[in-house]
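For reference, the chains in residue letters:
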Amino acid sequence: MSVPLRLFAAGSLRPAFTPLCRAFTAKSGIAVSAEFGPAGLLRERIERGEACGLFASANVAHPQALLSAGLAGGTRTFAFNRLNLTLRRAACGEGADWLALLTDASLRIGTSTPGCDPSGDYTLQLFDNIERRHPGVGRAIAARAVPLVGGRDTVTIPQGELASAWLLREGLTDLFIGYAHYATLLRDEDGCCTVAIPEPFSPRCEYRLAWLDDAPQTAALVDYILSARGRLFLQQAGLSAPEGE
(Lines give C-alpha, C1' and ligand atoms only; values in the text may rest on other atoms or scores of the structure.)
Protein backbone atom coordinates (compact mmCIF):
# COMPACT_ATOMS: atom_id res chain seq x y z
CA MET A 1 0.00 0.00 0.00
CA SER A 2 1.39 3.41 -0.98
CA VAL A 3 2.19 6.07 1.60
CA PRO A 4 -0.54 8.76 1.72
CA LEU A 5 0.24 12.17 0.27
CA ARG A 6 0.81 14.48 3.24
CA LEU A 7 -1.04 17.80 3.10
CA PHE A 8 -0.63 20.69 5.54
CA ALA A 9 -3.54 23.13 5.22
CA ALA A 10 -4.79 26.25 6.97
CA GLY A 11 -7.50 25.44 9.50
CA SER A 12 -10.00 27.60 7.62
CA LEU A 13 -9.75 25.17 4.69
CA ARG A 14 -11.11 22.20 6.64
CA PRO A 15 -14.75 22.66 5.45
CA ALA A 16 -13.62 22.72 1.80
CA PHE A 17 -10.66 20.37 1.80
CA THR A 18 -12.22 17.53 3.81
CA PRO A 19 -14.76 16.66 1.07
CA LEU A 20 -12.34 17.76 -1.67
CA CYS A 21 -9.65 15.30 -0.56
CA ARG A 22 -12.24 12.54 -0.18
CA ALA A 23 -13.42 13.10 -3.76
CA PHE A 24 -9.83 13.31 -5.03
CA THR A 25 -8.96 9.96 -3.45
CA ALA A 26 -12.10 8.35 -4.88
CA LYS A 27 -11.20 9.62 -8.36
CA SER A 28 -7.43 9.06 -8.35
CA GLY A 29 -6.86 6.28 -5.85
CA ILE A 30 -4.28 8.52 -4.13
CA ALA A 31 -4.74 8.64 -0.35
CA VAL A 32 -4.29 12.02 1.34
CA SER A 33 -3.30 12.58 4.96
CA ALA A 34 -4.46 16.12 5.72
CA GLU A 35 -3.43 18.08 8.79
CA PHE A 36 -5.10 21.43 9.51
CA GLY A 37 -3.81 24.24 11.69
CA PRO A 38 -2.55 27.84 11.82
CA ALA A 39 -0.64 28.32 8.57
CA GLY A 40 2.27 30.13 10.20
CA LEU A 41 2.88 27.28 12.62
CA LEU A 42 2.58 24.72 9.82
CA ARG A 43 5.15 26.67 7.80
CA GLU A 44 7.56 26.56 10.75
CA ARG A 45 7.22 22.76 10.91
CA ILE A 46 8.12 22.53 7.22
CA GLU A 47 11.12 24.79 7.78
CA ARG A 48 12.26 22.49 10.59
CA GLY A 49 12.32 19.61 8.11
CA GLU A 50 8.98 17.90 8.63
CA ALA A 51 7.95 15.98 5.50
CA CYS A 52 5.01 17.40 3.55
CA GLY A 53 4.09 17.21 -0.12
CA LEU A 54 1.70 20.15 -0.35
CA PHE A 55 1.09 23.23 1.80
CA ALA A 56 -2.13 25.24 1.47
CA SER A 57 -1.85 28.57 3.26
CA ALA A 58 -4.42 31.26 3.95
CA ASN A 59 -1.93 33.88 2.80
CA VAL A 60 0.79 34.48 0.22
CA ALA A 61 3.65 35.24 2.63
CA HIS A 62 4.15 31.73 4.04
CA PRO A 63 4.32 29.91 0.67
CA GLN A 64 6.57 32.66 -0.66
CA ALA A 65 8.90 32.26 2.32
CA LEU A 66 9.23 28.54 1.56
CA LEU A 67 9.86 29.29 -2.12
CA SER A 68 12.51 31.89 -1.28
CA ALA A 69 14.21 29.40 1.07
CA GLY A 70 14.37 26.78 -1.67
CA LEU A 71 11.91 24.51 0.14
CA ALA A 72 9.08 24.81 -2.39
CA GLY A 73 9.09 24.06 -6.10
CA GLY A 74 6.36 26.60 -6.90
CA THR A 75 3.30 28.41 -5.59
CA ARG A 76 -0.15 29.22 -6.93
CA THR A 77 -3.10 31.28 -5.67
CA PHE A 78 -6.26 29.18 -5.52
CA ALA A 79 -8.89 30.98 -3.42
CA PHE A 80 -9.94 34.23 -1.75
CA ASN A 81 -11.80 35.12 1.42
CA ARG A 82 -12.88 38.15 3.49
CA LEU A 83 -13.31 38.97 7.18
CA ASN A 84 -16.52 39.41 9.16
CA LEU A 85 -17.75 39.72 12.73
CA THR A 86 -19.41 36.97 14.76
CA LEU A 87 -21.31 37.87 17.90
CA ARG A 88 -24.25 36.85 20.03
CA ARG A 89 -27.58 37.26 18.29
CA ALA A 90 -28.84 39.37 21.20
CA ALA A 91 -26.16 41.97 20.43
CA CYS A 92 -26.83 41.90 16.70
CA GLY A 93 -29.95 43.95 16.12
CA GLU A 94 -31.66 44.66 12.83
CA GLY A 95 -29.23 46.36 10.47
CA ALA A 96 -26.34 46.18 12.94
CA ASP A 97 -23.43 48.37 11.86
CA TRP A 98 -20.05 46.63 11.84
CA LEU A 99 -18.03 49.70 12.85
CA ALA A 100 -20.45 50.64 15.64
CA LEU A 101 -20.06 47.13 17.02
CA LEU A 102 -16.26 47.31 16.91
CA THR A 103 -16.24 50.70 18.65
CA ASP A 104 -18.68 49.59 21.37
CA ALA A 105 -16.40 49.56 24.41
CA SER A 106 -18.74 47.19 26.26
CA LEU A 107 -17.96 44.39 23.78
CA ARG A 108 -14.78 42.35 24.21
CA ILE A 109 -13.04 41.72 20.88
CA GLY A 110 -11.40 38.37 20.13
CA THR A 111 -9.09 37.63 17.19
CA SER A 112 -6.71 35.01 15.92
CA THR A 113 -2.98 35.38 16.56
CA PRO A 114 -0.93 37.55 14.16
CA GLY A 115 2.25 35.91 12.92
CA CYS A 116 1.03 32.40 13.70
CA ASP A 117 -2.28 32.57 11.85
CA PRO A 118 -2.97 34.67 8.72
CA SER A 119 -6.44 35.51 10.08
CA GLY A 120 -4.68 37.52 12.79
CA ASP A 121 -2.52 39.26 10.19
CA TYR A 122 -5.55 40.17 8.09
CA THR A 123 -7.21 41.53 11.24
CA LEU A 124 -4.27 43.88 11.77
CA GLN A 125 -4.75 45.02 8.17
CA LEU A 126 -8.41 45.67 8.98
CA PHE A 127 -7.42 47.88 11.91
CA ASP A 128 -4.95 49.76 9.68
CA ASN A 129 -7.66 50.26 7.03
CA ILE A 130 -10.00 51.69 9.66
CA GLU A 131 -7.27 53.94 11.03
CA ARG A 132 -6.53 55.43 7.59
CA ARG A 133 -10.15 56.46 7.12
CA HIS A 134 -11.01 57.20 10.76
CA PRO A 135 -7.86 58.45 12.53
CA GLY A 136 -7.65 57.22 16.11
CA VAL A 137 -10.48 54.72 15.72
CA GLY A 138 -8.46 51.86 14.28
CA ARG A 139 -5.81 52.21 17.01
CA ALA A 140 -8.45 52.25 19.72
CA ILE A 141 -10.08 49.06 18.38
CA ALA A 142 -6.69 47.34 18.05
CA ALA A 143 -5.86 48.19 21.67
CA ARG A 144 -8.97 46.31 22.84
CA ALA A 145 -8.46 43.24 20.63
CA VAL A 146 -7.20 40.05 22.29
CA PRO A 147 -5.69 37.10 20.33
CA LEU A 148 -7.57 34.05 21.61
CA VAL A 149 -6.85 31.30 19.06
CA GLY A 150 -4.30 30.26 16.44
CA GLY A 151 -1.20 30.84 18.57
CA ARG A 152 1.35 28.71 20.35
CA ASP A 153 -0.20 29.13 23.78
CA THR A 154 -3.77 30.13 22.99
CA VAL A 155 -6.90 28.20 23.87
CA THR A 156 -7.49 24.88 22.09
CA ILE A 157 -10.85 24.69 20.32
CA PRO A 158 -12.55 21.29 20.81
CA GLN A 159 -12.69 19.04 17.76
CA GLY A 160 -15.71 19.75 15.58
CA GLU A 161 -16.37 23.20 17.06
CA LEU A 162 -16.26 26.50 15.17
CA ALA A 163 -13.83 28.76 17.02
CA SER A 164 -16.00 31.88 17.02
CA ALA A 165 -19.17 30.10 18.17
CA TRP A 166 -17.34 28.17 20.88
CA LEU A 167 -15.58 31.27 22.22
CA LEU A 168 -18.90 33.12 22.44
CA ARG A 169 -20.66 30.18 24.05
CA GLU A 170 -17.90 29.79 26.64
CA GLY A 171 -18.05 33.50 27.48
CA LEU A 172 -14.45 34.14 26.42
CA THR A 173 -15.35 37.04 24.13
CA ASP A 174 -18.37 39.06 22.96
CA LEU A 175 -17.31 39.59 19.35
CA PHE A 176 -14.89 37.65 17.16
CA ILE A 177 -13.17 38.86 13.99
CA GLY A 178 -12.65 35.94 11.62
CA TYR A 179 -13.13 34.63 8.12
CA ALA A 180 -16.36 35.45 6.32
CA HIS A 181 -16.77 32.00 4.73
CA TYR A 182 -17.78 30.58 8.12
CA ALA A 183 -21.06 32.52 7.93
CA THR A 184 -22.82 29.61 6.21
CA LEU A 185 -21.86 27.16 8.98
CA LEU A 186 -22.66 29.69 11.69
CA ARG A 187 -26.27 29.91 10.54
CA ASP A 188 -26.78 26.56 12.27
CA GLU A 189 -25.30 27.81 15.55
CA ASP A 190 -27.96 28.86 18.04
CA GLY A 191 -27.47 32.33 19.42
CA CYS A 192 -24.85 33.47 16.87
CA CYS A 193 -25.02 35.96 14.05
CA THR A 194 -22.52 37.39 11.59
CA VAL A 195 -22.05 40.93 10.28
CA ALA A 196 -20.18 41.64 7.04
CA ILE A 197 -17.26 44.06 6.89
CA PRO A 198 -17.46 46.02 3.62
CA GLU A 199 -14.75 46.91 1.17
CA PRO A 200 -12.47 48.79 1.30
CA PHE A 201 -12.11 48.02 5.01
CA SER A 202 -12.03 44.22 4.90
CA PRO A 203 -8.75 43.01 3.38
CA ARG A 204 -8.84 40.49 0.57
CA CYS A 205 -7.56 37.22 2.04
CA GLU A 206 -5.51 35.40 -0.61
CA TYR A 207 -4.96 31.63 -0.27
CA ARG A 208 -1.93 30.06 -1.95
CA LEU A 209 -0.53 26.57 -2.51
CA ALA A 210 3.14 25.62 -2.24
CA TRP A 211 4.23 22.23 -3.54
CA LEU A 212 7.24 20.86 -1.70
CA ASP A 213 8.20 17.94 -3.91
CA ASP A 214 7.91 16.88 -7.54
CA ALA A 215 5.95 13.68 -6.89
CA PRO A 216 3.22 12.92 -9.44
CA GLN A 217 0.73 12.46 -6.58
CA THR A 218 1.38 16.02 -5.35
CA ALA A 219 1.00 17.44 -8.86
CA ALA A 220 -2.26 15.51 -9.27
CA LEU A 221 -3.71 17.03 -6.09
CA VAL A 222 -2.63 20.54 -7.14
CA ASP A 223 -4.34 20.04 -10.50
CA TYR A 224 -7.50 18.78 -8.79
CA ILE A 225 -7.67 21.76 -6.41
CA LEU A 226 -7.29 24.12 -9.38
CA SER A 227 -9.82 22.24 -11.53
CA ALA A 228 -13.48 23.18 -11.94
CA ARG A 229 -14.41 20.34 -9.59
CA GLY A 230 -11.95 21.53 -6.95
CA ARG A 231 -13.18 25.12 -7.22
CA LEU A 232 -16.72 23.86 -6.66
CA PHE A 233 -15.74 22.48 -3.24
CA LEU A 234 -14.12 25.80 -2.38
CA GLN A 235 -17.17 27.77 -3.49
CA GLN A 236 -19.54 25.49 -1.58
CA ALA A 237 -17.50 26.29 1.55
CA GLY A 238 -17.92 30.04 0.91
CA LEU A 239 -14.52 30.76 -0.66
CA SER A 240 -14.09 32.32 -4.10
CA ALA A 241 -11.79 31.26 -6.94
CA PRO A 242 -9.37 33.60 -8.74
CA GLU A 243 -11.05 35.74 -11.36
CA GLY A 244 -10.81 34.58 -14.95
CA GLU A 245 -10.44 30.89 -14.06
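Per-chain numbering applies: the sequence of each chain, read as written, is numbered from 1 onward. Totals for whole chains, interfaces and linings use all residues, but because this is a predicted model, local features are given only for residues with pLDDT of at least 70 and pairs of side-chain atoms are given and counted only at 80 or more. As a rule here, side-chain values cover all heavy atoms of the structure and leave hydrogens and water aside.

You'll find the chain entered in an unreviewed UniProt entry as Molybdate ABC transporter substrate-binding protein, with Pluralibacter gergoviae given as the organism.

(A) Structural view of the packing of aromatic side chains. Stacked, tilted and edge-to-face are the three classes assigned to paired rings of Phe, Tyr and Trp, where Trp is represented by its six-membered ring and a pair needs centres within 6.5 Å; plane angles under 30 degrees give stacked, over 60 edge-to-face, the rest tilted. Using the criterion set out here, one finds six aromatic pairs in the structure. A ring pair is formed by Phe78 and Tyr207, whose centres lie 6.2 Å apart and whose planes are at 85 degrees; its orientation type is edge-to-face. Note that Phe78 is positioned in strand β4 (residues 74-81) and Tyr207 in strand β10 (residues 205-211), a separation of 129 residues in sequence. Just as Phe78 is buried, Tyr207 falls in that class too. Here Tyr122 and Tyr179 contribute two aromatic rings whose centre-to-centre distance is 6.4 Å and whose plane-to-plane angle is 70 degrees, an arrangement assigned as edge-to-face. Residue Tyr122 is found in helix α5 (residues 118-133), and its partner Tyr179 is found in strand β8 (residues 175-179); the two are separated by 57 residues along the sequence. Aromatic ring contacts, followed pair by pair, group Phe17, Phe78, Tyr122, Tyr179 and Tyr207 into a single cluster. Taking the ring centre of Phe201 as reference, the NZ or CZ of Arg133 above it sits at 5.4 Å. Only DSSP runs of H or I covering at least 4 residues are called helices, and only runs of E covering at least 2 are called strands; the numbering of each starts at the N terminus. Remark: exposure states derive from per-residue accessible area (1.4 Å probe, protein chains only) relative to the maximum for the residue type, with buried under 20%, exposed over 50%, and partly exposed in between. The rule for a charge over a ring is simple: NZ of Lys or CZ of Arg within 6 Å of the ring centre, and within 35 degrees of the ring normal.

(B) Region of the structure containing the environment of Ile197. The residue Ile197 is located in the loop between β9 (192-196) and β10 in this model. Look at Ile197 and you get buried, because its relative accessible area is 7%.

(C) Fine view of helix α2 (residues 39-47). Burial analysis of α2 places eight of its nine residues in the buried class, the great majority of the element. Burial in α2 covers these residues: Ala39, Gly40, Leu41, Leu42, Arg43, Glu44, Arg45 and Ile46. Positive phi shows up at Gly49, right after α2, with a value of about 105 degrees.

(D) View of the sheet that holds strand β2 (residues 32-37). At least two DSSP bridges between two strands are required for those strands to pair. One open sheet holds the five strands; their spatial order is β2-β1-β3-β10-β4, and the pairing between them is mixed. With partners counted over all chains shown, the strands left at the sheet margins are β2 and β4, one partner each. Ignoring strand direction, the axes of neighbouring strands in this sheet form an average angle of 15 degrees. The pairing of β4 with β10 spans seven bridges and is classified as antiparallel. Paired with Arg76 across the strands is Leu209, a residue of β10. Axes, fitted as lines to C-alpha atoms, cover a helix only where it is in contact. Angles between the N-to-C directions of the axes lie from 0 to 180 degrees.

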